[in-house]
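Observations on the three-dimensional arrangement
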Amino acid sequence: GNSVTQMEGPVTLSEEAFLTINCTYTATGYPSLFWYVQYPGEGLQLLLKATKADDKGSNKGFEATYRKETTSFHLEKGSVQVSDSAVYFCALNGRGDYKLSFGAGTTVTVRA
Amino acid sequence: DAGVTQSPTHLIKTRGQQVTLRCSPKSGHDTVSWYQQALGQGPQFIFQYYEEEERQRGNFPDRFSGHQFPNYSSELNVNALLLGDSALYLCASSLSGASGLQFFGPGTRLTVL
């Protein structure tokens, strides 16, 4: 079945540092890929998405590129802020599937 | 434009009781999915409703049931509550055929004592 594996956290960074969160997936065919963010006490917000190979999703300074050859969708941000502290989830939607399959989440803490 | 709304925000129940959670989808959306998020874990898919029918179901027991109304809002019912049902329950809405693009509500925090 479809599955997502994320790098384990927690990740602690200083402000303005570079952030990378690794995400790899297993799926039949070519799924759509997503990054969601969850701030403390809140639901999930869509951060970015990509629907086909080599697509780059971007939003709020975050980027992720759909790499079919490595089945990866790593999240990056060049200069993090304290407000980026949250839990980040990688997710996929398989072709012909209705559900989202999520990774376990990576907790990111940015210190001033 | 209102996003996805859920009620109640928090709920405390005891083992063996039954609970109903409610969700109103984002304006214009016709599909509702429910997820369970245990503490420190990623959301797990419970089921999805479209055209008032359960379209897909995850690996959850029959104690978990749902309903979708003609106005696209939805309910999640859980019977015979267990301690392990304590979690954040998330509702997500989408447009049918939107390739998994789902928008989430703030969730209902269920605590089973």
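Please refer to the structure higher up on the page.
Counting starts from 1 at the beginning of each chain's written sequence and moves along it residue by residue. Here the convention is simple: chains get letters from A, ligands get numbers from 1, in the order in which they are written. Given that the model is predicted, a residue must reach a pLDDT of at least 70 before its local features are reported, and side-chain atom pairs must reach 80 or more before they are shown or counted; all residues, however, enter totals for whole chains, interfaces and linings. Side-chain descriptors were evaluated using all non-hydrogen atoms of the structure, hydrogens and water having been removed beforehand.

**Regarding the side chain of Asn77 of chain B**
Residue and element names in this part refer to chain B. Going by this rule: Going along the chain from the N terminus, every DSSP run of H or I of four or more residues is numbered as a helix, and every run of E of two or more is numbered as a strand. Within 3.5 Å is the distance limit for a polar contact, defined as a pair of N or O atoms, with the added protein rule that one can donate a hydrogen and the other accept it, and that residues adjacent in sequence qualify only through two side-chain atoms. The contact criterion used is simple: two residues touch if any of their non-hydrogen atoms lie within 4.5 Å.
Tracing the backbone through its elements, the reader meets Asn77 in strand S8 (residues 74–78). Among the polar contacts made by the side chain of Asn77, one reaches the side chain of Thr20 at a distance of 2.6 Å. Aside from chain neighbours lying at most four places away, what touches Asn77 is Gln18, Val19, Thr20, Arg63, Phe64, Ser65 and Gly66.

**Let's talk about the layout of surface pockets**
Short version of the rule: As defined here, a cavity is a set of points on a 1 Å grid over the protein atoms alone where a 1.4 Å probe fits but cannot get out. A pocket is an open set with protein on both sides within 12 Å along at least five of seven lines, and residues line them when an atom is within 4 Å of a point. Grid points are joined across faces, edges and corners, and a volume is the space filled by probe spheres set on the points.
The space that makes up the largest pocket amounts to roughly 460 Å³. If you go around the largest pocket, you meet 25 residues; those closest to its centre are Gln38, Gly41 and Glu42 of chain A together with Leu88 and Arg109 of chain B. Elements represented by at least two residues in the lining of the largest pocket include exactly strand S10 (86–93) and strand S12 (106–111) of chain A. Considering every element that reaches the lining of the largest pocket, the biggest residue donor is S12 of chain A, with four residues. Of the volumes computed, that of the second largest pocket is approximately 200 Å³. As for the second largest pocket, its lining consists of 13 residues, of which Lys99 and Ser101 of chain A together with Pro43, Gln44 and Phe45 of chain B are closest to the centre.

**So, the side chain of Thr106 of chain A**
All names here are of chain A. Operational definition: Each residue's exposure class comes from its accessible area (1.4 Å probe, protein chains only) as a fraction of the maximum for that residue type: buried when under 20%, exposed when over 50%, partly exposed otherwise.
Residue position: Thr106 is located in strand S12. You can call Thr106 buried: its relative accessible area is 0%. Only 3.0 Å separates the side chain of Thr106 from the side chain of Gln6, close enough to count as a polar contact. Here Met7 takes part through its backbone oxygen, which lies 2.8 Å from a polar atom of the side chain of Thr106. Once residues lying within four places of it in the same chain are set aside, the contact partners of Thr106 are Gln6, Met7, Gly9, Val11, Ile21, Ala86, Val87 and Tyr88.

**Looking at the interface of chain A and chain B**
The condition is simple: Values labelled buried area give the accessible surface lost by two parts on being combined, using a 1.4 Å probe and summing over both.
Contact residues are listed per partner, giving 19 residues for chain A and 19 residues for chain B. Taken over both partners, the interface formed by chain A and chain B buries close to 1500 Å², and the fraction arising from carbon and sulfur atoms is 57%. For chain A, the biggest contributors to the area lost against chain B are Leu44, Tyr98 and Phe102 of chain A; these three give 36% of the whole. Where chain A meets chain B, there are eight residue pairs in polar contact (both at pLDDT 80 or more). At the level of elements, strand S5 (32–38), strand S6 (44–50) and S10 of chain A are the ones that each hand at least two residues to the side of chain A that touches chain B.

**Comments concerning the state of the cysteines**
Think of a disulfide as a covalent bridge from one cysteine sulfur atom to another cysteine sulfur atom. Heads up, the rule is: Sulfur atoms of two cysteines make up a disulfide when they are within 2.5 Å.
The final tally for this structure, using the stated rule, is two disulfides over all chains. Note on cysteine connectivity: Cys23 of chain A is disulfide-linked to Cys90 of chain A, with sulfurs 2.0 Å apart. A torsion of -70° about the S-S bond marks the disulfide between Cys23 of chain A and Cys90 of chain A as left-handed. With Cys23 of chain A in strand S4 (residues 23–26) and Cys90 of chain A in strand S10, this residue pair connects regions lying 67 residues apart in the sequence. Exposure remark for Cys23 of chain A: the relative accessible area of 0% places this residue in the buried category. Here Cys23 of chain B pairs with Cys91 of chain B through a disulfide, and the sulfurs are 1.8 Å apart. When the S-S torsion is -60°, as for the bridge of Cys23 of chain B with Cys91 of chain B, the disulfide is left-handed.

**Some words on the packing of aromatic side chains**
The condition is simple: Two rings belonging to Phe, Tyr or Trp (six-membered ring only in the last case) form a pair when the distance between their centres is within 6.5 Å. Interplanar angles under 30 degrees mark stacking, angles over 60 mark edge-to-face geometry, and anything in between is tilted. Remark: a charge is flagged as sitting over a ring if the NZ atom of Lys or the CZ atom of Arg is within 6 Å of the ring centre and within 35 degrees of the ring normal.
Under the criterion given, the structure shown has twelve aromatic pairs over all chains. Both rings, one in Tyr36 of chain A and one in Phe104 of chain B, keep their centres 5.3 Å apart while their planes meet at 85°; by these two values the pair is edge-to-face. Of this pair, Tyr36 of chain A sits in strand S5 while Phe104 of chain B sits in strand S10 (residues 103–104), each in a different chain. For the residue pair Tyr36 of chain A and Phe104 of chain B, the accessibility class agrees, reading buried in each case. A centroid spacing of 5.8 Å and a plane angle of 90° characterise the contact between Phe102 of chain A and Tyr35 of chain B, whose relative ring orientation is edge-to-face. With Phe102 of chain A in strand S11 (residues 101–102) and Tyr35 of chain B in strand S4 (residues 31–37), the pair connects residues from two separate chains. An identical accessibility class is assigned to Phe102 of chain A and Tyr35 of chain B; each is buried. Each member of the aromatic cluster is reached from another via a ring pair, and the members are Phe34, Tyr36, Phe89 and Phe102 of chain A together with Tyr35, Phe45 and Phe104 of chain B. Between the NZ or CZ atom of Lys26 of chain B and the centre of the ring of Phe103 of chain B, over which it lies, the distance is 5.6 Å. One Lys or Arg, Arg55 of chain B, reaches over the ring of Tyr98 of chain A and ends 3.7 Å from the middle of that ring.

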